[in-house]
Every structure is written in C-alpha cells, then in structure tokens.
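# Geometric and topological summary
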Amino acid sequence: MFSLVLFPTPLRARVYARHMASVDVAVIGAGVVGCAVARHLVAAGYSVVLLEAMSQPLCGASRGNSAMVHCGFDCTPGTLESVFVTRGHKLFRDFASACATRKVVLPWRPSGAIMLAMRPSDLTAITDSILPKARLNGVGSCRLLATRDAVVALEPNVSGNVVGGLHVPEEWSVDPFVLPMLWLAQACRLGATDSEDEKGRDMSVAFPQRKFQLRFQANVVGAERIDDSAGSGWRLTIRSRSSASDIDVDDAGERLFRSLSASSADRGAATVIAGSPSVRGDSSLQSTVRARLVINCAGLHGDKVDALLGAQGEQRGPAVVSGNVVDLATFRVVPRLGRFIAFDTAHSSLIRSHALLPLPTPKTKGIIVFKTVHGAVVSGPTAEDPDDVRPPQREIRSLLQQVAVEKVPKLASASIAWEYAGSRPATRTSSDYVLSQGLVVAAGCHAAAATARADATGWMTVAGVRSTGLTAAAALAESVAKAAGVFFAATPRMAVADLASNPVAGLPVDFDVLGAMPSDIRGRSAHPISAHAAVAKL
C-alpha cells in the first residue's frame, strides 16, 4: 500500500498522490449511464476510474429527468432504444426485487400509466398505432380502455373530456437519485481494497490494490492514442479546478468513495501517480490517466469528448443508429431543455398512482402529469431545443399548469410548491441512441440485447441517451461489460461479483445510500424529486 504523498504544491494538489496512473478502463461521465457502466465493469474485475467534470455525480442530464422506469411500449420497434429499454426494465425489476429481499432502501412504486384519449381520434390512434407498437416491443400487459368509465375506475379525477385510453401497468416510478447512487455504491464497495465478497472472503487477497477510483472536477481535455512497451491504450489529459477555499479538487470524490465503500481507514491508498501534477495559474491542475479502454458516457458533452480524438478516431469505425451507419464526426448533441413544476402536497391524492400521458409526437413523449414515488404531483417536461425561442419561466409555468388542469381539473386550486429543469442529450443525427459500431453490431435484434464487441482502438461512445436513460442504463452497462470481455480476451480478469445472479452484490443488509453519503455532497447533487422527498407526503 502507498500512503498519501505530499507534493510541494498547494493543499488542493495533494489528492493527486492517490490517483491511479494506469487503469484497465476509464469511464467519462458520472451520470446514470456512467455509474451503471462503472458498476458492471468493477464487478467484472477491471480496474476503473470514473471521471466527472462537475463537483458531484448525477448533476447533468441525470438531474432533471421524470423519475420513471419505462417499459418501452411506445418505443419505435427495432431501434436501439427499444432494445435497451426493454432489457433495462427487466434488469430494474430484478434489482428492485433483490433490494427488497436484502432490505436495501430503494423507493419505487409499480405505479403504472394511462395514455389519455381526449377525443375519439386519439382512441383510434391508440388502437391502430400505439397498442400494436407495444405488442411489437414485447409489452403484452398494455390494455385498451375503450370508455371513459374504464379510465375513471383507475383514476377518478381525470377530466370529463377523456373518452378512453391505454393502461400501461409496467410504467413505474422510482427515486431517480437513489437508484444510480446504489449502482455507484456497488462500484465503490466492490472496488475497495479490503471489501469482502458475499461469502465473507477478504477480497484484498485477490486484489491487492483498489479497483475503483472516483474523481470529480476531472475535465477530460485531451486524448492521445499510445502504443509502447507497456501496451496500447489511451492517455487522457485531465484538467481540474480547485475551489476558492483551497480544498482538494478531488476531496469530494474521495470522501464519497470512503463513505460508500465501508472499508478500513487505509482504503484511500492507491497507486501513486508518476510525478507531481502541474499547477496552471493559481487554481487549475493538470494530470494524466492511462487506460486501455475508454467509455465515453459524457451525456450532454459526449460530442465534445469524442471531438478530442480528432483524426485518431477514424480507425474505430462509425456509429450505429437504428441499424444505420452514422459518421461520428458529424455527431452533435443538442441539449433539449425540459421544465417541470410540482404542486403542493395537499393535492397529492388527486392522482392515485398512474402517470397521465398524452399521445406522443415525433419530437417528444409530451407533457406528463405524474405522481412521484414520494407523493408530489408533477407536470412536465417541456421540449425546448437551443434553436427554439425560450419563453420566460412564468409562461412555461402557466403552460404546465394548464396541461395539468386539462387532465385533472381539480388541480386548478393547487399552488406550485417547487419547480425544476433539466436538459436531455438529444442529437441532430437521429432520434435514437448513438452507439459505437463496436459496441452494438446487431442493433436491429429486438428479442434480446444486441451482441456487443469492442473496437480495436479501445474507445466506445454511448450517446444520445435521452429521457429513457434511467431505464436503459443498466442494459447499456451490461452490453459495455460484454464488449470489454471481448476486448480483454487475451488478458481476462477475475470477476468480483456476478450481477446476473446477485444484482445487489456488495451492498449490506438494510443499506441506505442516502444515509451513508456525506450530507454536503448529498445536498448538492440530489435530484430535485429526491431533495423534496422530506416535504412530500404520500
């Protein structure tokens, strides 16, 4: 073990002594997809560094979703989204069941959803288009509600204009912060130097060095392909900025790792990085990480991270979108803003449980009125692209109230308690996910997750994952892990845990991830739905 080495640089630079200089896999982005990918890779036995440009996890696109686990009933059949959402829904069901058995705290509810028909033509569209699509996607539980009475039996307070709808019992609500934080906790615990496996064996015997590193404020500003005596891989240049108070730039990442991994006092030790970090100006630090495989899960900044490759990316192949080849050089993220409002908790009983859905448009699933797992009634999101004229918040607030009242008239007397917004990483290339060709080679296969393999260059991109990302993340991570297994076939790793047979591997009985987190990190990074859970009453 190496202990902390103090360089003759400011206090904020000392943390670099703890960074792993060389790893099997570098995952860029600690959103829901990045956390899920890190979990799968650490469980498979790889040494992993998770690099997040912000000062806490889950603070980009992951901080502004609608907290729903989708079943994929309305996905376009045959798309990557339909494949990974369908698989992700099953993986969530298995994970939630395992959490219940182990008494791990995961707030979720099989709430269901109803797509409301506000006019006879809507009911025709549901019958002729939406319901057949659900069946093609393998979602056989959807049921046509041919009359208003059938809808009212499920949700008594819907508008008198409702003429019918579609019941979707497998659309569920979940705490959108706790779920990915549990995945991150698994990565921390399974990657700790002295963690124990499910049979109580000391894993430090098999893994004498920590297998997982969590780094915040780690902005990837350079990527260089290398091939030398140590092997081939990538050298990532990381630039970090310290806070004005001279606190270690990565202190939050290290404290979060320590709090979640439940290891001994020396678990912060890791391989010392070769050489000291350079200091740029009075608050910017630069270091490098070497990785054999890089996974770009940067979400809203995925195109910018890919752009770092320049000509080096030409050999890794194009991307696959719905089975069609797309040039990654033209891949551009278009942040699509979604704004939400939440009503006061006195009106929570107006919705029994179901999310009330409109008919989707080619651009968006539309504005939903839903009840969070903590009991707040929320209306949103909007779908505002950068080229759109952005209405002021008061107009958006009025629009979201109007939509909510059209579905549930009694909400007209409810006041707005809080509001939030988030951007989804839509792309100009396609309405589907954008994945490296090396990651998905059978994207048109709907029956199961597509066969995966790694690019020879060791760089994979997972992008264009929008509103369904919370659901699809685990399935995407599963496929990434399969691809990594092929990439490292010549030098296989010993798995730490089998997530297929034990989805909650590494998590102790009665584990409460929010209770384990440092309060300041939890407060800064929690999704608004989670943050307001204390005041929302079921």
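Only a predicted model underlies this, so the values are computations on that prediction, with no experimental measurement involved.

## Remarks on the overall build of the protein chain
The secondary structure content of the protein chain amounts to 12 helices and 22 strands. In the protein chain, which comprises 538 residues, the share counted as buried stands at 58%. Taking as baseline every contact in the protein chain between residues at least 6 positions apart, the subset at least 24 positions apart corresponds to 78%. Put simply, the protein chain shows about 20100 Å² of open surface, and 53% of that area lies on carbon and sulfur atoms.

## Side note on helix H5 (residues 178-190)
Here H5 is 13 residues long and its end C-alpha atoms lie 18 Å apart, about the 18 Å a rise of 1.5 Å per residue gives. Burial within H5 is extensive, with 13 of its 13 residues counted as buried.

## A few points about the pairing of strand E22 (residues 459-463)
The buried count for E22 comes to five of five residues, which makes it a mostly enclosed element. Strand direction decides the pairing type here: strand E21 (residues 434-436) and E22, joined by two bridges, are antiparallel. Looking at the pairing, Val-434 lines up with Ala-463 of E22.

## Topic: the nonpolar core
One finds Leu-41, Leu-106, Leu-182, Phe-212 and Ile-295 to be the most contacted residues of the largest nonpolar core, which totals 83 residues. Looking at this core, the element that brings in the most residues is helix H9 (residues 469-487), giving 12 residues. Aside from chain neighbours lying at most four places away, what touches Leu-106 is Phe-92, Phe-95, Ala-96, Cys-99, Val-174, Val-178, Leu-179 and Leu-182. Within the second largest apolar cluster, 27 residues are counted, among which are Met-115, Leu-123, Leu-131 and Trp-418.

## A few points about the packing of helix H1 (residues 32-43) against H5
Each pair of packed helices can be described by the angle between their axes along with the distance between the axes. Two numbers describe how H1 lies on H5: the axes approach to 8 Å, and their chain directions differ by 30°. In terms of orientation, H1 lies roughly parallel with respect to H5. You can see that H1 and H5 cross each other, and the crossing is left-handed. Listed contacts from H5 to Val-32, Cys-35, Ala-36, Ala-38, Arg-39, Val-42 and Ala-43 of H1 are Pro-180, Trp-183, Leu-184, Gln-186, Ala-187 and Leu-190. Tallied by class, the residues present in the contact of H1 with H5 amount to 11 nonpolar, one polar and one charged.

## Overview of the packing of helix H2 (residues 80-102) against H5
The N-to-C vectors of H2 and H5 enclose an angle of 75°; their axes lie 13 Å apart at closest approach. By the criterion of interaxial angle, the relationship of H2 to H5 is roughly perpendicular. Across from Phe-92, Phe-95 and Cys-99 in H2, the residues of H5 making contact are Leu-179, Leu-182, Trp-183 and Gln-186. Of the residues assigned to the contact of H2 with H5, the class counts are six nonpolar, one polar and no charged.

## Remarks on the pattern of salt bridges
One pass over the structure, following the stated rule, counts 12 salt bridges. The partner of Asp-74 in a salt bridge is Lys-365, and the shortest N-O contact between them spans 3.0 Å. Of this pair, Asp-74 sits in the loop between strand E3 (68-69) and H2 while Lys-365 sits in the loop between strand E17 (355-357) and strand E18 (368-371), and the two are 291 residues apart along the sequence. We classify Lys-365 as partly exposed; its relative accessible area is 23%.

## Section: the state of the cysteines
Applying the stated criterion across every chain, the model contains zero disulfides. Cys-188 supplies the cysteine sulfur nearest to Cys-35, a cysteine that is in no disulfide, at a spacing of 8.8 Å.

## Description of helix H3 (residues 120-136)
Since there are 3.6 residues in each turn of an α-helix, residues three or four apart along the chain are aligned in direction. Over its 17 residues, H3 extends 24 Å from the first C-alpha to the last, a length consistent with the 24 Å expected when each residue adds 1.5 Å. The axis of H3 is deflected most strongly, by about 40°, at Ile-126. Along H3, the positions that sit buried rather than exposed are Asp-122, Leu-123, Ile-126, Ile-130, Leu-131 and Ala-134. Packing partners of the buried residues in H3 comprise strand E5 (113-117), strand E6 (143-145) and strand E7 (164-168).

Each value, and the rule that gives it
Residues numbered from 1 in each chain as written. Predicted model: local features only at pLDDT ≥ 70, side-chain atom pairs only at ≥ 80, totals over all residues. Heavy atoms only, no water. Helix = DSSP H or I, 4+ residues; strand = E, 2+ residues; numbered from the N terminus. Buried < 20%, exposed > 50% of the residue type's maximum accessible area, 1.4 Å probe, protein only. Contact = heavy atoms within 4.5 Å. Areas by Shrake-Rupley, 256 points an atom, 1.4 Å probe, with all protein chains shown as cover. Expected span 1.5 Å × (residues − 1). Pairing = 2+ DSSP bridges. Core = buried A, V, L, I, M, F, W, Y, C linked by side-chain atoms within 4.5 Å. Axes fitted to C-alpha atoms, helices over the stretch in contact; angles between N-to-C directions. Parallel < 35°, antiparallel > 145°, perpendicular 65-115°, else oblique. Left-handed = near helix turned anticlockwise from the far one by under 90°. Nonpolar A, V, L, I, M, F, W, Y, C, P; charged D, E, K, R; others polar. Salt bridge = Lys/Arg side-chain N within 4 Å of Asp/Glu carboxyl O. Disulfide = S-S within 2.5 Å. Bend = angle between axes of the 7 residues up to and from the residue.

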